[in-house]
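# Structural features, examined
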Amino acid sequence: MSEFLLGAAFFLLITVAGGLVRVVLGPDQADKMMAAQLLSSGGIAILLIVGVGLQLEGAIDVALVVALLAAFAAVAFVKGTSQAGTGDPEAVGVDQLTTLRQDAPQGRPDSP
Amino acid sequence: MTAALDAITVVFVLAGCFFFLAGNVGLLRFPDTLTRLHALTKADNLGLGLVVIGLMPRMDHPLSALKLLLVWALGMLAAATVGQLIARSVLRRGLPIWKGPQ
Amino acid sequence: MTAFPLLDPALCFVILTTAVLAVAIRTVFAAVVSFIVFGLLMAIAWVRLGAVDVALTEAAIGAGLTGVLLLSTVARIAKHRADRGDDVPILEGPEPDPAPTDPLPGLATQSLAIVLSAAVAAALVAAVALLPVPAPGLVAEVGSRLSETGVESPVTAVLLAYRGYDTLLEIVVLLFALLGVWSLTADARWGGQPGLRHLARPDGVMAYLGRLLPPIGLLVGVYLFWIGGYRPGGAFQAGTVLAAVWLLAVMAGLVPIPKVSGIRLRLALVIGPAVFLAIGLAGYPLHGAFLGYPPAIAKVLIILIEAGLTISIATILGLLVAGAPEERPS
């Protein structure tokens, strides 16, 4: 079973490492940030699997800490994109969302 | 009994790996930031959840299994929040948005 | 122990890739993201090596605080450039290459740098290659005398009993680092709140996360502090988690960072070193040496020190990320 779990961890590592392509290519900083997000949730899974595979109980605590702090980097990034650098990260009007819906092509389930 | 638990672990961990793969393919192949965000924040948390379910029978203590569930819950909370915040930042900055196949 | 043979090479390869990306990539933002990923992968590597204590610290520092610190720094630099009138958009699109400031050093200097780097690398490789098997160390001694310290985690025993001096001086170094950051404050702003004021809509997702996560983080922090006595965990990991969730509540605009002149803040900063010093000095009458713990109450003393350290480390790390005071005291 240990072999299977470490093999699964290997597969996950290779899979989420593919996301590093987005760190290089972007195009937007949001895409680069999302690659880090993918590696963070994939990393949590890898930590859990390796911890069980190697019978290291403490690995779950490491995964717990990573999961607790998983949103932090992205929150700091989104805050940084606001005008003051520390402003409201959600200062987008409802009207912008509505415009987006109206622009959506016909046939999409959420189009009016 | 052990064989059945092992089977649960194998099936769910493999399914989890599949959804991580799907999330990553989405991140690499989808046409704009919002669609990529959609693929990422949903698929990989499903993957994490399946991995957690697969590992739960291997815990020595029920409380450790609960801790695994807490890890998943925190992962979902992070993904849901990050998805909202990044999507709003994409809209606010007026990044190009995919309008469907030409 | 059997192990899947490809996992370790793959881990090494991905870690090296992110490390090279963090140094070589052309935009600051991508370099910072690579560095965050690097920290996360290092945590996995430490778990793979069985060093869960180190992995916990790496996860809390790398995934939590360093990422926030570096990303807000990138945002500040972009804003600073924009304020100065450089034609740089704030965090939109690819960043332009920074203008070259200094001419490249001459060929002789470059060659010397290459030779010196190669020599250092070769010396390190030789040192590792020549290590006797098993490696020299005090592992057996620590293991055989662990019961005298009253704690069951060998790492905690080394940090707080056998190497108590080091840990005491480390927390003092952290305190000095904070004084260094504070010394950058403009005179008129001294005594005000550290960092810029944070805003977020009170009914938004950000504020929701800021309300939901800190209680869980508090629980996880106390848990890490408590298991430090018998398993990987302890004051530093706990303090880092507490600092991170405190900063999250600050970023969500829910709580202001206290003024640097506040008496409670100052107390929180020094309680760790103060308790540590007091118990260390009490070692003279009680056990005949500085930091000598009488075996009967060793565990209680170590937990007291750890509790004080947790509070001080959380406060210091949070304030280090928040930065120098930028609001005038009202």
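Residues numbered from 1 in each chain as written. Chains lettered and ligands numbered in written order. Predicted model: local features only at pLDDT ≥ 70, side-chain atom pairs only at ≥ 80, totals over all residues.

## Focus: the packing of helix H4 (residues 58-68) of chain A against helix H2 (residues 28-48) of chain C
Inclusion rule: To define axes, lines are fitted to C-alpha atoms, for helices over the stretch in contact only, and angles between the resulting N-to-C directions are given on a 0 to 180 degree scale. Per the convention used, a helix needs a DSSP run of H or I reaching at least four residues, while a strand needs a run of E reaching at least two, with both numbered from the N terminus. By the definition adopted for this analysis, an angle is roughly parallel if under 35 degrees, roughly antiparallel if over 145, roughly perpendicular if from 65 to 115, and oblique otherwise. Here, residues touch in the contact sense if the C-beta positions derived from the backbone fall within 7 Å of one another. Residue type decides the class: Asp, Glu, Lys and Arg count as charged, Ala, Val, Leu, Ile, Met, Phe, Trp, Tyr, Cys and Pro as nonpolar, and the leftover types, Gly among them, as polar.
Taken N-terminus to C-terminus, the directions of H4 of chain A and H2 of chain C make an angle of 170 degrees; their axes are 10 Å apart at the nearest point. The angle between H4 of chain A and H2 of chain C falls in the class roughly antiparallel. Across the interface between the two elements, Ala-59, Val-62 and Val-66 of chain A of H4 of chain A pack against Leu-40, Ala-43 and Val-47 of chain C of H2 of chain C. Looking at the contact of H4 of chain A with H2 of chain C, its residues break down into six nonpolar, no polar and no charged.

## So, helix H9 (residues 235-251) of chain C
Inclusion rule: Expected span of a helix: the number of residues minus one, times 1.5 Å. Field definition: a residue is buried when 20 or more other C-beta atoms are found within 10 Å of its C-beta, exposed when 12 or fewer are, and partly exposed for counts in between, with C-beta atoms placed from the backbone.
Taking 1.5 Å of rise per residue, the 17 residues of H9 of chain C would be expected to cover 24 Å, and the 24 Å separating its terminal C-alpha atoms lies within 8% of that figure. With 17 of 17 residues buried, H9 of chain C is to be regarded as a mostly interior element.

## A look at the interface of chain A and chain C
Taken together, the contact pairs 51 residues of chain A with 62 residues of chain C. At the level of elements, helix H1 (2-17), helix H2 (20-25), helix H3 (29-53), H4 and helix H5 (72-81) of chain A are the ones that each hand at least two residues to the side of chain A that touches chain C. Take the side of chain A that touches chain C: its biggest share by element is 12 residues, from H3 of chain A. In the side of chain A that touches chain C, the residues fall into 32 nonpolar, 13 polar and six charged.

## Some details on the confidence of the model for chain A
For clarity, the threshold we go by: Summary of the metric used: pLDDT quantifies the predictor's per-residue confidence within the range 0 to 100.
Averaged over all residues, the pLDDT of chain A equals 79, while 73% of them reach at least 70. Per-element confidence in chain A ranges from a low mean pLDDT of 50 for helix H6 (residues 94-103) of chain A to a high of 92 for H4 of chain A.

## Points about the interface of chain A and chain B
Contacts between the two partners involve 45 residues from chain A, matched on the other side by 47 residues from chain B. The set of elements that each furnish at least two residues to the side of chain A that touches chain B consists of H1, H2, H3, H4, H5 and H6 of chain A. Top element by residues in the side of chain A that touches chain B is H3 of chain A. It accounts for 14 residues. The residue makeup of the side of chain A that touches chain B, split by class, is 32 nonpolar, eight polar and five charged.

## Considering the environment of Ala-73 of chain A
Along the polypeptide, Ala-73 of chain A turns up in helix H5. C-beta crowding within 10 Å serves as the criterion here: with 28 such atoms nearby, Ala-73 of chain A is assigned to the buried category. With 36 residues separating them along the chain, Ala-73 of chain A and Gln-37 of chain A place their C-alpha atoms 8.6 Å apart. Once residues within four sequence positions are removed from consideration, Ala-73 of chain A is found in contact with Ala-36 of chain A together with Ile-36, Gly-67, Val-68 and Leu-71 of chain C.

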